[in-house]
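Fold and geometry: a report
Single-letter residue listing:
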Amino acid sequence: MFIFFLYINIDIVKMLNQGLEAFVVQSFYYGFYHADPHPGNVWIDKNGNRIYLDFGIMGEISKQDRETLLRLAFMLFNKRFNAVKDLVIKAGWANDSLDGMETKLEKVLGSVDVKSTKDFNLSTTLSYLLDILNEYDVNMPTHLVLFIKTLVSVDGFNKFLAPTNDVVKSLAP
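Residues numbered from 1 in each chain as written. Predicted model: local features only at pLDDT ≥ 70, side-chain atom pairs only at ≥ 80, totals over all residues. Heavy atoms only, no water.

**Details of the nonpolar core**
One finds Val84, Val88, Leu98, Met101, Leu105, Leu133 and Val138 to be the most contacted residues of the largest nonpolar core, which totals 33 residues. Looking at this core, the elements that each hand over two or more residues are α2 (12-30), α3 (63-77), α4 (81-90), α5 (101-109), α6 (122-135) and α7 (142-161). By size, the runner-up hydrophobic cluster in this structure holds seven residues, among which are Ile12, Ile44, Leu161 and Ala162. (Core = buried A, V, L, I, M, F, W, Y, C linked by side-chain atoms within 4.5 Å. Buried < 20%, exposed > 50% of the residue type's maximum accessible area, 1.4 Å probe, protein only. Helix = DSSP H or I, 4+ residues; strand = E, 2+ residues; numbered from the N terminus.)

Put into structure tokens, the structure is as follows:
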């Protein structure tokens, strides 16, 4: 597939950023997204248009869950770990007080640099986050775990095809 991009002279970084934007619009504007975006399911034609195939796995996110995810991302990005704990409780994902969770988040995620994709590994960071949530018996809804899996796939495309592309910078607008 990579050789195909070179053959038809497509700007891979531009294509990846447009695909990321499409994923964000699908997820956060419409609340419905293609949840299996591997190279066999997302093709690029000779004009650089994206062609989605195999809609067997689709994800849906309610408006409330979209808002919760955006708040969660904002809080993690800004290292507001106490607010993360409060959000998890408010979202109804935990029945316990989650005492000490913010300290654990600070210890594990406090040094993660999310300002640049170059030094940021989304898959590892999300894995750490999910491990901490699991440790505190946080029950994140299954459909949000599907969203995270899809996000990791999208990030994997970017890292494989354009390792120097700064996804964080592209998403800033």
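**Digging into the environment of valine 42**
Take valine 42: it is sitting in strand β2 (residues 42-44). Through-space distance from the C-alpha of valine 42 to that of leucine 53 is 6.1 Å; in sequence the pair is 11 residues apart.

**With respect to the packing of α2 against α3**
The contact between α2 and α3 brings their axes to 8 Å, and the two run at 125°. Taken as axis vectors, α2 and α3 run oblique relative to one another. Along its contact with α2, which presents Ser27, Phe28, Tyr29 and Tyr30, the element α3 presents Arg66, Leu69 and Leu70. Among the residues making up the contact of α2 with α3, the classes are represented as five nonpolar, one polar and one charged. (Axes fitted to C-alpha atoms, helices over the stretch in contact; angles between N-to-C directions. Parallel < 35°, antiparallel > 145°, perpendicular 65-115°, else oblique. Contact = heavy atoms within 4.5 Å. Nonpolar A, V, L, I, M, F, W, Y, C, P; charged D, E, K, R; others polar.)

**Side note on a nonpolar patch on the surface**
There is a patch of nonpolar side chains on the surface, built from Val25, Tyr29, Tyr30 and Phe32 and spanning about 480 Å² of accessible area. Counting residues per element, the nonpolar patch draws most heavily on α2, which supplies three residues. In this structure, tyrosine 30 sits in helix α2. (Patch = residues over 30% accessible without salt bridge, like charges linked within 9 Å, V, L, I, M, F, W, Y side chains within 5 Å. Areas by Shrake-Rupley, 256 points an atom, 1.4 Å probe, with all protein chains shown as cover. Salt bridge = Lys/Arg side-chain N within 4 Å of Asp/Glu carboxyl O.)

**Remarks on unusual backbone geometry**
The phi torsion of most residues other than glycine is negative, and most of the peptide bonds are trans. Of note in the backbone geometry, aspartate 54 takes a positive phi value of approximately 55° without being a glycine. Tracing the backbone through its elements, the reader meets aspartate 54 in the loop between β3 (50-52) and β4 (58-60). Residue class for aspartate 54 comes out partly exposed when judged on its relative accessible area of 44%. The backbone of lysine 79 sits at a positive phi, close to 55°, despite the residue not being glycine.

Scope: geometric values only; no functional claims are made or implied.
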